[in-house]
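The lines below spell out each chain.
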Amino acid sequence: NTKAFIFDLDGVIVDTAKYHYLAWLKIANELGIEFTLEHNELLKGVSRVRSLDIILELGKVEASQEDKNKWLFEKNESYLSYLVDMDDSEILPGVLPILKYLKEQNQLIALGSASKNARPILEKTGTLDYFNAIVDGNDVSNAKPDPEVFLIAAKLLGTTPEDSIVFEDSVAGVQAANIGGMTSVGIGEESTLNEAKYIFKDFTHIDKNFIDELIKK
Ligand code: B16
Ligand code: MG
């Protein structure tokens with residue numbers, strides 16, 4: 001059997017959520033808006049534009065499009081500054097063995113990320129070659145929980161949603177996989193990701209037997 005294994009990027013392959021948080025915190029501080037790690041959960045898997053709107057809503061701040069564009073640019077510049085020294089040490093635990101195993105089993109692998117910075121991150125971490133298809137924030141018009149990003153990935157791989165498995169760390173991403181008719185695997189806390197079909201704390205808890213079962217289904 002050949003299945004499509006679709007990976008989210010931030011929070012699944014690499015822990016870039018902390019850099020997104022630091023970059024947004026700078027903007028929030030400039031605007032005098034309180035922005036906690038708990039607030040940051042709301043931004044996971046959410047596009048850059050929507051993330052800014054959420055922060056402005058938190059602070060009840062109204063802004064012109066010109067100001068918003070300025071902050072979006074600033075946010076991305078400071079986010080990119082955290083990525084300069086990025087290397088394979090930033091790959092989350094257990095991810096590489098699973099990618100390798102999927103390759104050995106001749107399974108198809110895609111990226112399904114909301115980020116417009118996905119490709120350079122895959123390049124810097126040396127993971128680009130694992131992917132048969134890459135769909136990121138530059139390719140979609142509808143953000144998660146809309147399933148567009150995962151549906152395009154499955155299509156590029158030539159598989160159906162029923163034969164697709166999605167690894168996601170965000171609530172919006174798990175919902176997107178479910179709405180798209182795919183098997184959702186949540187990576188993170190059970191309390192947050194309870195809508196996922198399967199939930200694991202991280203990839204070190206996913207063993208080959210579990211992958212074999214998914215392939216057989
Ligand atoms: P960028 P994912 C998402 O990536 C992040 O979780 C989210 O926090 C971020 O705002 C979004 O990408 C856009 O990223 O500003 O780099 O385009 O989790 O879908 O891989
Ligand atoms: Mg994510």
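Residues numbered from 1 in each chain as written. Chains lettered and ligands numbered in written order. Predicted model: local features only at pLDDT ≥ 70, side-chain atom pairs only at ≥ 80, totals over all residues.

**Student:** Help me get a handle on the pairing of strand 1 (residues 4-7), residues and values and all.
**Tutor:** Of the two faces of strand 1, the one lined by Ala4 and Ile6 and the one lined by Phe5 and Phe7 are each fully buried. Where strand 1 meets strand 2 (residues 108-112), four bridges bridge the pair, whose relative direction is parallel. Bridging across to strand 2, Phe5 finds its partner in Ile109. Two strands pair when backbone bridges link them, and strand 1 and strand 4 (residues 164-168) are joined in this way by four bridges, in the parallel orientation. By the bridge assignment for strand 4, Ala4 is matched with Ser164. (Buried ≥ 20, exposed ≤ 12 C-beta atoms within 10 Å, placed from the backbone. Helix = DSSP H or I, 4+ residues; strand = E, 2+ residues; numbered from the N terminus. Pairing = 2+ DSSP bridges.)

**Student:** An account of the environment of Lys144 is requested, with residue identities and associated values reported.
**Tutor:** You can see Lys144 is positioned in the loop between strand 3 (133-135) and helix 7 (148-157). In this structure Lys144 comes out as buried when scored by C-beta crowding, with 29 C-beta atoms within 10 Å. Between the alpha carbons of Lys144 and Ser47 there is a distance of 8.3 Å; along the sequence they are 97 residues apart. For Lys144, the residues in contact, after removing those within four places along its chain, are Gly45, Ala114, Val149, Ser170, Ala172, Gly173 and Ala176. (Contact = placed C-beta atoms within 7 Å.)

**Student:** Could you give me a rundown of the UniProt feature "active site" (unreviewed entry) in the protein chain, with the residues and numbers involved?
**Tutor:** Feature annotation in UniProt assigns "active site" (unreviewed entry) to the following positions: Asp8 and Asp10. Assignment of secondary structure puts Asp8 in the loop between strand 1 and helix 1 (17-31). If we ignore the near neighbours within four places in the chain, the residues touching Asp8 are Gly45, Gly112, Ser113, Phe167, Glu168, Asp169 and Gly173. For Asp10, a count of 24 C-beta atoms within 10 Å gives the class buried. Filtering out sequence-adjacent residues up to four positions away, Asp10 remains in contact with Thr16, Ala17, His20, Ser113 and Ser115. (UniProt positions renumbered as here; feature names shortened; annotations may be inferred.)

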